[in-house]
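Each chain, letter by letter, is given below.
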2 protein chains.
Amino acid sequence: MEQVIIIGLGLMGGSLARDLKKTGKYSVLGMDKNNKHQQLALELGFIDELVHMEQITEADFVVLATPVNAIPSLALEVLNRLHEEAVVFDMGSIKNPLCKYTQSHPKRSQLVAVHPIAGTEYSGPTAAIENLFRNKLTIICEPELSNKNALEKTIELWKNLGARIQFMNAVEHDKHLAYVSHLSHISSFMLGKTVLEIENDERQIFNLAGSGFESTVRLAKSAPQTWAPIFLENQQYILKSLDEYIYNLTQFRSLIYHNDEQALHSIMNQCNHVGEILAGIALKNNQEH
Amino acid sequence: MEQVIIIGLGLMGGSLARDLKKTGKYSVLGMDKNNKHQQLALELGFIDELVHMEQITEADFVVLATPVNAIPSLALEVLNRLHEEAVVFDMGSIKNPLCKYTQSHPKRSQLVAVHPIAGTEYSGPTAAIENLFRNKLTIICEPELSNKNALEKTIELWKNLGARIQFMNAVEHDKHLAYVSHLSHISSFMLGKTVLEIENDERQIFNLAGSGFESTVRLAKSAPQTWAPIFLENQQYILKSLDEYIYNLTQFRSLIYHNDEQALHSIMNQCNHVGEILAGIALKNNQEH
């Protein structure tokens, strides 16, 4: 059995631990800066025991599942301790800061930069669920910087959990994720804020919320300790996507203000196209599995 | 059996027709400006036959289920033809323009202003589904302007479909719906637009979209012919909510730009509160039924 040490026992690390234990192929150990999370992970039974940083030397795999701002320096510390056949990979939503920070480390090739496109709006060990990664895309960035052993073992581990693997450039990854993930979170947080502000005076407003509001505001339940670091680490692309979003909202506002029904129709017709694209991708993914 | 004539056979009118037929208490007739919709409604079997405006005189109930901009003038036309025991109600998402437009009609008391808080992102007769209104809130505005017979019969009809009834002032209704429904649609349409614009150059971007993006962009599939009129009819409150939303986005952008992690945390913590409120309401609704 290979020994896996997971650093960070929340939604991502915890869900990975659950699935790895279920395969029967790995012994799963863990640590978390938050002592309550450590105790919960033991009680929930998704790790076998707690470990210390000194025990990293014994691991076959080390997984970095902390907030993204902690990952680069943690990666260096782990690489320094890792035995030569061992592998470290992260699960962060941003890849370029990690790739840049570790690029000149002598053991860089033992690191694999991983981002599973999976999650929920909940956080902490109690949010960890089984099969979170099944049939989901898992991105590996800069695979050419990882050695053959590290890359093959990491891919095997993720395929054991039912994930689909795709390689990407780290800068491209961070840019695209700003649009299809990070921007969604900001739009949802700010929608929640806008409605909460009016709701201070008008308690009953939430009673009127239908499934549409619930759907668009779902991500506003996400954890600040996860998302503040993502917004700051991916600052450049998030500011760009946010500027484009605010520009589009401002233009749309102007069309409403000027009663331009034809232009509103035309823009919304274009937007409807998003449904066809998402349906096409869902179909393709189902056919592949 | 009471005779119901539904004008507008799309998602809302069609779903109502399906449920009314199922009760066995109503014969359901219909009409739609779009001849394809009329044929589809007959083929799908949710209306018994097509009728003309002249046949309104025979109806016990007339339902206005068209886009909101057509409702006020249609209400006058129907009131003019209605027999004195009959009732007309609408299903529009905006209530004040209808209430104002009809206020001095001699038969105003035969009209009930109804808004069921239910729907999906799909449209047209094929989008009509059973049980759309079950356990959902249905708002009746300005009930004091409807006569006892009209109000009681309308409430009975909606309760037969499993709806919960709440009375509201029409202006308050339109203001609140701007925040908890109309703003969500605009935020979702513009999120779709922003991502589609970058996607023109980068085809693969949608492959990276997770469930979070799908959730926030779901409403961007909604029909322009339904939503353009809503945005224009509820212009005043939508502009206000949109200004507040854009202001909040701009402030949040500034905090990211200035690396103010503490302020980002604090704002997102406040936003997390939206989850507790929605969970509380869901619990209350379940307990009531």
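All residue numbers refer to positions counted from 1 along the written sequence of the respective chain. Throughout, the order in which chains and ligands are written sets their labels, letters from A for the former and numbers from 1 for the latter. This being a predicted model, a pLDDT of at least 70 is required before a residue's local features are given, and a value of 80 or more before pairs of side-chain atoms are given or counted; all residues contribute to the totals for chains, interfaces and linings.

**Some words on the overall build of chain A**
Right, so step 1: Secondary structure summary: chain A contains 10 helices and 8 strands in total.
Right, so step 2: Throughout, the radius of gyration refers to the C-alpha atoms, and the reference size of a globule is 2.2 Å times the residue count to the power 0.38. Relative to the globule expectation of 19 Å for 289 residues, the C-alpha radius of gyration of chain A, 21 Å, shows essentially globular dimensions.
Right, so step 3: For chain A, the spread of C-alpha atoms along the three principal axes comes to 65 × 40 × 35 Å.
Right, so step 4: In this description, any two residues whose backbone-derived C-beta atoms lie within 7 Å of each other are considered to be in contact. When contacts within chain A are restricted to residue pairs at least 6 apart in sequence, long-range pairs at least 24 apart make up 74% of them. Helix and strand assignments come from DSSP, with helices taken as H or I runs of at least 4 residues and strands as E runs of at least 2, each series counted from the N terminus.

**Regarding the domain arrangement of chain A**
Residue and element names in this part refer to chain A.
Right, so step 1: Boundary definitions for the domains trace back to an automatic or database domain assignment. As far as domains go, chain A holds domain 1 (2–168) and domain 2 (173–258).
Right, so step 2: With centres defined by C-alpha atoms, the gap from domain 1 to domain 2 works out at 29 Å.
Right, so step 3: Contributing elements (two or more residues each) for the side of domain 1 that touches domain 2: helix H4 (96–102) and strand S7 (137–141).
Right, so step 4: Taken together, the residues that form the side of domain 1 that touches domain 2 break down as 7 nonpolar, 5 polar and 2 charged. Note on residue categories: nonpolar means Ala, Val, Leu, Ile, Met, Phe, Trp, Tyr, Cys or Pro, charged means Asp, Glu, Lys or Arg, and polar means any other residue, Gly included.

**Observations regarding the packing of helix H9 (residues 235–257) of chain A against helix H6 (residues 170–199) of chain B**
Right, so step 1: One way to put it is that H9(A) packs onto H6(B) with a least axis distance of 9 Å and a crossing angle of 125°. Considered as vectors, H9(A) and H6(B) are oriented oblique to each other. In this structure, the crossing between H9(A) and H6(B) has a hand that is right-handed. Where H9(A) approaches H6(B), its residues Ser241(A), Glu244(A), Tyr245(A), Asn248(A), Leu249(A) and Phe252(A) are matched on the opposing element by Ile186(B), Met190(B), Leu191(B), Lys193(B), Thr194(B) and Glu197(B).
Right, so step 2: Its residues assigned to classes, the contact of H9(A) with H6(B) shows 6 nonpolar, 3 polar and 3 charged. The axes used here are C-alpha line fits, helices contributing only the stretch in contact, and every angle between their N-to-C directions lies in the interval 0 to 180 degrees. For classification, angles of less than 35 degrees are called roughly parallel, those exceeding 145 degrees roughly antiparallel, those between 65 and 115 degrees roughly perpendicular, and all remaining angles oblique. Each crossing gets its hand from how the near helix is turned against the far one by less than a right angle, where anticlockwise is left-handed and clockwise is right-handed.

**A short note on helix H3 (residues 71–81) of chain B**
Residue and element names in this part refer to chain B.
Right, so step 1: Field definition: a residue is buried when 20 or more other C-beta atoms are found within 10 Å of its C-beta, exposed when 12 or fewer are, and partly exposed for counts in between, with C-beta atoms placed from the backbone. Taken together, the buried positions of H3 are occupied by Ile71, Ala75, Val78 and Leu79. Seen along its axis, H3 keeps its buried residues to an arc of 100°; they face one direction. Residues Ser73 and Asn80 are exposed on H3 and point more than 90 degrees away from its buried face. Throughout, the arc means that of the directions going from the helix axis to the C-beta atoms.

**Here's the deal with the interface of chain B and chain A**
Right, so step 1: On the chain A side, the residues contacting the 78 residues of chain B number 78 residues.
Right, so step 2: Among the secondary structure elements, those contributing two or more residues to the side of chain B that touches chain A are H6, helix H7 (211–217), helix H8 (224–233), helix H9 (235–257) and helix H10 (261–288) of chain B.
Right, so step 3: Examining the composition of the side of chain B that touches chain A, we find that 21 residues originate from one element, H6(B), more than from any other.

**Section: the pairing of strand S7 (residues 137–141) of chain B**
Residue and element names in this part refer to chain B.
Right, so step 1: Among the 5 residues of S7, 4 are classified as buried, and the element is accordingly described as predominantly covered.
Right, so step 2: DSSP calls a pair of strands paired once it identifies at least 2 bridges connecting them. Pairing of strand S6 (residues 111–116) with S7, which is carried by 4 bridges, proceeds in the antiparallel orientation. Looking at S7, one finds that Val114 is bridged to Ile140.
Right, so step 3: For S7 and strand S8 (residues 164–168), the ladder comprises 5 bridges, and the chain directions are parallel. Counted as the bridge partner of Ile140 is Phe167 from S8.
Right, so step 4: Whether a crossover is right-handed comes down to one check: with the strands pointing away from the viewer, does the path from the first strand over the helix to the second run clockwise; if it does, it is right-handed. Of the crossover connections in this fold, the one passing from S7 over helix H5 (residues 148–160) to the parallel S8 is right-handed.

**Focus on the sheet that holds S7(B)**
Residues and elements named next belong to chain B.
Right, so step 1: As summarised here, the arrangement of the 8 strands in space is S3-S2-S1-S4-S5-S6-S7-S8, forming an open sheet in which the pairing is mixed. The sheet is open, and its two edges are formed by strand S3 (49–50) and S8, each paired on a single side.
Right, so step 2: Summarising the sheet, strand S1 (residues 2–7) and strand S2 (residues 26–31) pair through 6 bridges and their orientation is parallel. Looking at the pairing, Gln3 lines up with Ser27 of S2.
Right, so step 3: Taken strand by strand, helix H1 (residues 11–23) contacts S1, S2 and strand S4 (61–64), and its axis lies near 160° from that of S2.

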